[in-house]
Every structure is written in structure tokens, then in C-alpha cells.
Amino acid sequence: MSHFFTYAILTATVATALGLATPFLLAALGETIGQRSGVINLGVDGIMLLSAFATYYTALQTGNLFFAILVGMGVGVVMGVVTAFISVTLKAEQGISGIGIYLFGLGFSDLLFIKLVGTPLPISSLNPINIPLLDRIPAVGNMFFKQTILVYLAFLLVPVVTFMLNRTTFGMKIRASGENPAAADSVGVNVARIRWQAVLIGCTLAGLAGASLLLFDGIFQENLTQSEGFIAVALVYFGAWRPTGVMGGSVLYGLAIAVVLSWKSLGIIPLSASDLAATAPAVITVLALLTVARRFRQPAALGKPYERGG
Amino acid sequence: MSRASSLVADTWKDRRRFLLSWFALPFSLVAALLLGAVMMLALGANPITGYNALIVGAFDGSYALGSTAVEAAPLLLVAVGICVAFRANVFNIGGEGQLAMGGLASSATALALPHLPSIALIPLVLLAGAAGGALWGAIPGAFKAYFNVNEILSTIMLNLVAVQVMNWLLAGPMVDKTQNSTYGLIPETRLLPKASWLPIIVPNTQLHLGVLIAVVVAVGVWVLLYRTSFGFRVQAVGLSRDASKYAGMPVKRTMTLAMTISGAMCGLGGALLVFGSISHRMVTDGSLTGFTGSDGFNGIVVALFGALNPLWSIISAFLFGGLIVGGDALQVATGVPADMVTALEGLVVVFVVSLEYMRRRSRATSLGPPGRSRGRPPQVAEPVPPLVAAGERSDP
């Protein structure tokens, strides 16, 4: 145990945790926006898989990581159009259509991977960016200010999304569409359009989440996400539909994974029990859902397609 | 609108309703297959060769049919479980975890009782599988019923717990310690006692007793849902929680029980996966899919395609089992990876739910505009499968 509480390992664990938390955070922030507008998108995991593959393939072909990230986001936008069309325009049952999107993403990403790439090759990873001055703060610098651009971006998005939801007209309209679409409609808010926009933003962030996961791992494989997209949806509930809460949940999840990894490599927990320790985040999340369900209320119209006079 | 024209409009609406209800499901499958053909063309494969190989691989000859039936059996059990949960308006997407827990519980039972004869051991392992799955279904069910925890999230989280428990058990307490391996032990159980193997019922095929059991269970669940007061309560709770409560039904207990049964079905499916497998061991590659082959999700597709009816699910499971078995033949014939089948299943789901909305809407409108009677009694629509709105719930 004493090995763990050393300066180097503690800072490295926290730094890794933030990197691990980034895909969760990006996807969960996107899902938060969508859910606040009343649309539950369970296809996040499939979208992340597709965009992760697109990022991987583009990076392999061009070697340009920023272009690859853009392509990953582009895939998110395309899937956003599909999701919004199904959930908002066709008013399908969102829980089930999301499973359809997930299965499609799972199958199609692996299909393309086997067909187009075959043998997996690693790609170069994003270089960490040191924030001048801040990176020299002892401990804190190593933990927080030597990260990749995507990590900074994800955490900067937390205040941005909070501001957008709470302080802008667009955010008001999103929340109104999620709480009481009929009332929003009666004062001239185009509920369908607002939901389309919210879903598109959400899926774009899911695409970015897939790209960030891929760049963190540096290689693609079948079912790369291992349900991370579903966890992101759970983190939205965990964070009670607030961006800061979602950030807390994502960091907690990242930390739990990083700690288990580091304890495993240090031999603090025997290899055989590391699988059991890895259940901790999921168990914590279920317990957190218990309290969230009692203390917070979800957007009133979540998952309910809106119909005039219906 | 004149009376005549409204009658015409009415007939048209009725026809549309008819078309949607009877053709929506096959249409979804055909549309998905057509999109699949486009995918194959884009990947430089001949779709006719591909689908031909798929159909031959799945349905041509007794061996292929046997393999399809074997693939379909756990799918059917998951689908039947999904039917029960969905009918109660509880959305069980924890099939993967429930399959794994069922597989683990049944394997542990077989390993613990190696000397029992088949006649006692097989029912015991199947019951153990059902019990393992039931536990994994009861937890989210009770959380949903009593604490209003979203079951989609809790089932996903329990999937994540199940995969780690599975990896731990198969690499630790349940691992085959007699393996002759230089690179560390493979996470798998030792060969399960021969008395626990599901006997082959048609010689020269893989068709085992589990297929028969799955069909019998499906029929049994149909009886449970449509011919018993419990089934009536499940459907009532699914259609309106408030009305059921008002009618004095034990809403929370019914929801918990529905999820428990749903989990038990999946757990039984997990037992079939182990004892009907060719290796007769439980093996993990570190992921749930490695054991389940995504049956927990595929079962949702099967149930939807079977209109959430256990009897229709039998046909549906056979079809999708064929799709999965034929997928390998497709890969051999055209080089298009078998993952295409998973993508196709996703498309089927998307089409089914998209059309489902139109079906419901045409039902609603065909009752006629409000406030105007044409002498037709206001018919009570037969219970439309309560495809769950994920976020929809009554007050805690």
C-alpha cells in the first residue's frame, strides 16, 4: 500500500484518471444537453464506436490527428441526424431505437475494421500540451496541466454547457422543451427544432468522445468502448442532469479505473481479485442512482415524443 | 368533409392500419436486408452470392437447421424474458449480464455435483441457471419498483458487474487448474461432468434437448401472460401503472416479479449456452460478448420482431438464429465480416420502432375524430405492445 502513496504514482494516477474520464465526460455532457431537451439517446455507445473507427482509419490513412478528430466528430453529426430523425421526427420509442443504433454501430464499426484495416496498427498519440507556468506548480502541474487538448476541451466544456443551459435563450428553450413542451410550444418555441439541435450537439460530442477514447488507447479493436457510452448515459443520471454533477461522476469513474489499474500493476491487490475491484465503479453508480432517484427529478418530458394537442 | 369522403378516408385509414400491422415487421427485415445489400456492394461483394450463402448456411439441410435451432434456443429464452418485462413496461437490457450469471450459477452447480446422474443433474443445472439470472433481474426490478431507479441504467451497470464477476470466477475459483499451459491458465472451467451435457436429440446434428426446453418454456410463458391472472396483472401494470394501482393490484410486486422472471429466462438461456456448447466448458475472453455472443441484445431484436409475443418469438428466434449462423457462411463466401448481421439487426430495430409509432398513430386516428359518432362503438384497442418510453414513469 505504501508504494501507492508516493508522489510520482499518485500524480500519475490522477493524470491518467483525467485522461480516462474525458470520453465519459464528453459523451455525458452531450447526453445531458439532449436529455434536458427531452430526448434520451441510448445509442451513444454505437456512435462512439463508429466515430472511434472513423478517427482511427483517418489517422492511419493521413497521419493527421486533427483531421481525424474532425472526421470522428463528423460521424457524430451524421449519426445525430439519424438519431434526431428517428426520435424527434418519427417519434419512435427512444429507449429501443437507441439499442438499434447501438447494435448498428457495434456491428458496422467492426465490419469496417476487419474489412478495411484487418491487422491493427497503433497510431501516434496526441502530444500533451503543457500550460505555461501552471505546469510548474508542484504536484498540481503534473496532474492537471500536462494533458492533451481533448482533456482541456472536455473540462472547459463543463462551464460552457452550464452557462448555455442556464443563461442563454437557447438553453432556456432546451429546458422548456424537456420540462413542458406544450407550454414551450404555446409561447412559440419550435420544440421539434430545439430537440433536433440538442440531439445534434449531443451526438457531435459523442463523436468527439469516441475520437478521444480512440486517441487515448491509440488503437482500435472490436467493441472498443466496452459499454462506455452506456456508462456515460448513467453518469447523466448520476450527475442529476447538471454538467458539474456529470463532471464529478466522470472524474470519479476515471479515478476508480485508474486506481484499480495502478494497484493491479503495483501488486497491492492480487491479480485474481482485480476483476472484483473493477466492479466498484458500477456498484457505486447503482448506489448513487438510488439516492439521485430520491432527491432529484428528471426532465418531466424525458423520453416522451411531443405532439401538439396530444 | 362530406359523409362519403369521410368514409373513404376511413377505409383508407383502416387499410393503412392493416398494412402497417401485418407488413411492418417483414418490411423492416426486408428494408434492413436491402441496406445490407448496399453495404455489400459498397464493400465490393456480390449481395446475391452473399445472401445465397447466408440462406444455405442457415437453412439448407438437417445439420444447418440444427445449428440454427441451437443458436436460436438461448435467443428465444432471452426474447421470452424480454416479452415479460416489456409487457410490464420495464425495459430489461441487462440480458447480457443475466445470461452470464445464469451460465456461472449453472456451471458452478455442475462442478459441485459431478457424480449425479443426468436425470437429476440436468434439471438442477437448468434451475441453477434460472436462479442466477433471476437474481440479476430481481435487483433492477426491485430498484425500479420500490426506489424508482431507472432500470435501463441499473441493468447496464449490473452487466458491468457481471462481466467482472465472470472474469474473476473463471480465472480464479472456478478455473481449470489441470490445464497444461506455459503462459498462465486460460480463464475457463474444466470440462463439465458428462452427465450435465444436454443430450443431442437428432443424430448427426447439434440439435440438443435445450431447443425443446426453450420452445416449451416459450409456450409456458405465453400461457402465463395470456391465460393467468398474473399475466393479466403484468399487462395491466404495463398499460397503466396508475389504473392498476387504483384497481388494487400489487403494482410494485408485479413489476419486480416480471423482471425476476425475465432474468430467470435469460439465466436459463445462459445455462443452455454452457451445456449446449461444443466445448462443454464455460470460457471467457474477458468480455460479456465473448460468452453470450451478444444474445442479450439480440434477444431484444427477436422479441420486438416477434411483436412481444412469446409464440411469435419462436419463429422470430429461428429467423434471427439463422441470420447469425448464416453470417459465418456469408463471411466465407464474400469476405464480408459476419458482424454485418449485428449491424442488420440494429437496422431492423430502428425500422420496427419507427414504424411502430405510425402503427399506433393510425390505430388512434382510426377511432374517428372526437365528438362525432358514426354508430361504431368506441372499440377498446387490444393491448398494443407497450414499447417502453425509456424515461416514462409514474410518480415515485
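Right above here is the structure, for reference.
Each chain carries its own residue numbering, running from 1 in the written order of its sequence. Labels follow written order: the first chain is A, the first ligand is 1, and so on. Under the rules for a predicted model, residues below a pLDDT of 70 receive no local features and side-chain atom pairs below 80 are neither given nor counted, while totals for whole chains, interfaces and linings still include all residues.

A. Molecular detail of the overall build of chain B. Within chain B one finds 14 helices and zero strands. In DSSP terms, a helix is any run of H or I states spanning at least four residues, a strand is any run of E spanning at least two, and both are numbered starting from the N terminus. From first element to last, N terminus to C terminus, chain B shows the α and β order α-α-α-α-α-α-α-α-α-α-α-α-α-α. Note on burial: count the other C-beta atoms lying within 10 Å of the residue's C-beta; 20 or more is buried, 12 or fewer is exposed, in between is partly exposed, and C-beta positions come from the backbone. Evaluated residue by residue, chain B yields a buried proportion of 53% over its 396 residues.

B. The overall build of chain A, seen in detail. Broken down by element type, chain A carries 13 helices and two strands. Buried residues in chain A amount to 55% of all 310 residues. Throughout, a residue-residue contact means that the two C-beta atoms, derived from backbone geometry, are no farther apart than 7 Å. Across chain A, the fraction of contacts at a sequence separation of at least 24, relative to all contacts at a separation of at least 6, is 78%.

C. Examining the interface of chain B and chain A more closely. Residue-level contacts link 49 residues of chain B with 48 residues of chain A. Broken down by secondary-structure element, the contributors of at least two residues to the side of chain B that touches chain A are α5 (118-147), α6 (151-171), α12 (295-305) and α14 (339-365) of chain B. With 14 residues, α14 of chain B is the single largest residue contributor to the side of chain B that touches chain A. Under the grouping applied here, Gly and all other residues not named as nonpolar or charged are polar, the nonpolar ones being Ala, Val, Leu, Ile, Met, Phe, Trp, Tyr, Cys and Pro and the charged ones Asp, Glu, Lys and Arg. Considered class by class, the residues forming the side of chain B that touches chain A number 32 nonpolar, 13 polar and four charged.

D. View of the nonpolar core. Residues enter a nonpolar core if they are buried, belong to Ala, Val, Leu, Ile, Met, Phe, Trp, Tyr or Cys, and are joined to the set through C-beta atoms within 7 Å. Ranked by size, the top nonpolar core spans 229 residues in total, and within it L76 and L77 of chain B carry the most contacts. The leading source of residues in this core is helix α9 (residues 191-217) of chain A, at 16 residues. Discounting residues that sit within four places of it in the chain, L76 of chain B has contacts with A214, A218, V302, S313, I314 and A317 of chain B.

E. Here's a closer look at the packing of helix α3 (residues 61-87) of chain B against helix α13 (residues 310-334) of chain B. Residue and element names in this part refer to chain B. The contact between α3 and α13 brings their axes to 7 Å, and the two run at 135 degrees. Taken together, the axes of α3 and α13 are oblique relative to one another. Both α3 and α13 take part in a crossing whose hand is right-handed. Residues S67, T68, A69, E71, A72, L75, L76, A79, V80 and C83 of α3 form the contact with α13, whose participating residues are P310, S313, I314, S316, A317, F318, F320, G321, G322, I324 and V325. Of the residues contributing to the contact of α3 with α13, the split by class is 14 nonpolar, six polar and one charged. Only the stretch in contact is used when a helix axis is fitted, and all axes are lines through C-alpha atoms; the angle between N-to-C directions ranges over 0 to 180 degrees. Oblique is the label for every angle not falling under 35 degrees (roughly parallel), over 145 degrees (roughly antiparallel), or within 65 to 115 degrees (roughly perpendicular). Here is the rule for handedness: rotate from the far helix to the near one, and if that takes an anticlockwise turn smaller than a right angle the crossing is left-handed, while a clockwise turn gives right-handed.

F. Seen up close, unusual backbone geometry. Residues and elements named next belong to chain B. The phi dihedral of N148 falls on the positive side, at around 60 degrees, and the residue is not glycine. The residue N148 is located in the loop between α5 and α6 in this model. Residue N148 is classed as partly exposed on the basis of its 18 C-beta neighbours within 10 Å. Of note, the phi angle at A307 is positive, near 55 degrees, even though the residue is not glycine. Assignment of secondary structure puts A307 in the loop between α12 and α13. Take A307: there are 18 C-beta atoms within 10 Å of it, and that puts it in the partly exposed class.

G. Expanded view of the environment of S313 of chain B. All names here are of chain B. Summarising the element assignment, S313 is placed in helix α13. Residue S313 is classed as buried on the basis of its 30 C-beta neighbours within 10 Å. In this structure the C-alpha to C-alpha distance between S313 and A218, which are 95 residues apart in sequence, comes to 8.1 Å.

H. Just helix α4 (residues 94-117) of chain A, in detail. Multiply 1.5 Å by the residue count of a helix minus one, and that product is the helix's expected span. With 24 residues, α4 of chain A should cover 34 Å at 1.5 Å per step; its first-to-last C-alpha distance of 33 Å lies within 8% of that length. One or two positions beyond α4 of chain A, positive phi appears at G118 of chain A, with a value near 75 degrees.

I. Quick look at the packing of helix α10 (residues 228-238) of chain A against helix α11 (residues 243-266) of chain A. Residues and elements named next belong to chain A. α11 packs onto α10 with a crossing angle of 130 degrees between their chain directions and a minimal axis gap of 8 Å. Between α10 and α11, the crossing angle belongs to the class labelled oblique. In terms of crossing hand, the pair formed by α10 and α11 is right-handed. Where α10 abuts α11, its residues I231, L235, V236 and F238 lie against V246, G249, S250 and Y253.

J. α3 of chain B, seen in detail. All names here are of chain B. The end-to-end C-alpha distance of α3 is 36 Å, a good match for the 39 Å that 27 residues give at a rise of 1.5 Å each. Fitting one axis to the seven residues ending at a residue and another to the seven starting there, the bend at that residue is the angle between the two axes. Within α3, the axis deviates most sharply at A72, by approximately 30 degrees, and proline P74 lies no more than four positions further along. In terms of residue burial, α3 counts as a mostly covered element, since 22 of its 27 residues are buried. Note on α3: the residue one or two positions beyond its end, N89, has a positive phi of about 60 degrees.

K. Representation of the environment of P159 of chain A within the structure. You can see P159 of chain A is positioned in helix α6 (residues 149-167). Sequence separation between P159 of chain A and T58 of chain A is 101 residues; the distance between their C-alpha atoms is 31 Å.

L. View of the environment of F220 of chain A. Residues and elements named next belong to chain A. With respect to the helices and strands, the residue F220 is situated in the loop between α9 and α10. For F220, a count of 26 C-beta atoms within 10 Å corresponds to the buried category. When the C-alpha positions of F220 and F113 are compared, they lie 8.0 Å apart, and in sequence the two are 107 residues distant. Not counting residues up to four positions away in its chain, the partners in contact with F220 are A52, F53, Y56, F113, P120 and L214.

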